[in-house]
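Examination of the molecular architecture
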Amino acid sequence: MSRRCELTAKGPQVGHKVSHSNHKTKRRFLPNLCNVTLISDTLGRSVRLRVSTNALKSVDHRGGLDAFLTKASAGDLSPKALELKRQIEKKKLAAAS
């Protein structure tokens with residue numbers, strides 16, 4: 001399983017571990033990922049995603065999963081989240097008609 005957030009595409013970064021003697025060795029900074037169940041109001045069901053804690057705060061700030069996915073760009077989303085976005089937009093169009 002890749003260490004990448006399904007909503008924000010945040011992944012591992014590379015940096016240096018610096019010792020007291022200022023000796024630098026390569027290391028990886030991994031994102032803080034959690035397996036979370038989020039509820040989609042439009043679809044009326046829950047969805048399991050692997051997201052970073054930073055993305056959870058963003059979802060909360062934007063007013064839920066549906067609002068976050070409609071504003072998110074398609075390039076940042078995982079295939080699973082992209083399919084959810086399409087389903088939500090399709091359902092909203094059907095409700096508006």
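Cut-off values and rules
- Residues numbered from 1 in each chain as written.
- Predicted model: local features only at pLDDT ≥ 70, side-chain atom pairs only at ≥ 80, totals over all residues.
- Heavy atoms only, no water.
- Helix = DSSP H or I, 4+ residues; strand = E, 2+ residues; numbered from the N terminus.
- Contact = heavy atoms within 4.5 Å.
- Polar contact = N/O pair within 3.5 Å; in protein donor to acceptor, adjacent residues only side chain to side chain.
- Phe/Tyr/Trp six-rings, centres within 6.5 Å; stacked < 30°, edge-to-face > 60°.
- Lys NZ or Arg CZ within 6 Å of the ring centre and 35° of its normal.
- Pairing = 2+ DSSP bridges.
- Expected span 1.5 Å × (residues − 1).
- Buried < 20%, exposed > 50% of the residue type's maximum accessible area, 1.4 Å probe, protein only.
- Arc of directions from axis to C-beta.
- Core = buried A, V, L, I, M, F, W, Y, C linked by side-chain atoms within 4.5 Å.

1. Topic: the environment of Ser40
Position of Ser40 relative to the elements: it lies in strand S3 (residues 33–40). For the pair Ser40 and His16, spaced 24 residues apart in the sequence, the C-alpha separation amounts to 40 Å. Apart from residues lying up to four places away in sequence, Ser40 is in contact with Arg45, Leu65, Asp66 and Ile88. At a separation of 3.3 Å, a polar atom in the side chain of Ser40 contacts the main-chain amide nitrogen of Leu43.

2. Section: the packing of aromatic side chains
Working definition: an aromatic ring pair is given by the centre-to-centre distance plus the angle between the planes. In this structure the tally under the stated criterion is zero aromatic pairs. Just above the ring of Phe29 sits the side chain of Arg27; from NZ or CZ to the centre is 3.8 Å.

3. Observations concerning the pairing of strand S1 (residues 13–18)
Where S1 meets strand S2 (residues 24–29), six bridges bridge the pair, whose relative direction is antiparallel. Directly across from Gln13, in S2, lies its bridge partner Phe29. Remark: five residues form the turn of the hairpin made by S1 and S2, two consecutive strands paired antiparallel; Asn22 in that turn has positive phi of roughly 70°.

4. What to know about helix H3 (residues 79–96)
In a regular helix each residue adds 1.5 Å, so 18 residues correspond to 26 Å; H3 covers 26 Å between its end C-alpha atoms and thus fits that length. Ala81, Leu82, Leu84, Lys85 and Ile88 are the residues of H3 that are buried. Each buried residue of H3 lies within a common arc of 155° when the element is viewed along its axis, so the set occupies one face. With respect to the buried face of H3, the exposed residues turned more than 90 degrees away are Pro79, Lys90, Leu93 and Ala94. Buried residues belonging to H3 abut S3, strand S4 (45–52) and helix H2 (65–71).

5. Topic: unusual backbone geometry
Notably, Ala9 is not glycine yet its phi reads approximately 60°, a positive angle. In this fold, Ala9 is placed in the segment before S1. With relative accessibility at 24%, the residue Ala9 sits in the partly exposed group.

6. Describing the environment of His20
Among the secondary structure elements, His20 is positioned in the loop between S1 and S2. Linking His20 and Ala74, residues 54 residues apart in sequence, is a C-alpha distance of 44 Å.

7. A few points about the nonpolar core
Most often, soluble globular proteins keep nonpolar side chains buried together rather than apart. Residues Leu7, Leu49, Val51, Leu69 and Leu77 are the most contacted members of the largest nonpolar core, which totals 20 residues. For this core, the elements supplying multiple residues, two or more each, are S3, S4, helix H1 (53–62), H2 and H3. What Val51 contacts, discounting residues up to four positions off in sequence, is Cys5, Leu7, Asn32, Leu33, Cys34, Val36 and Leu56.

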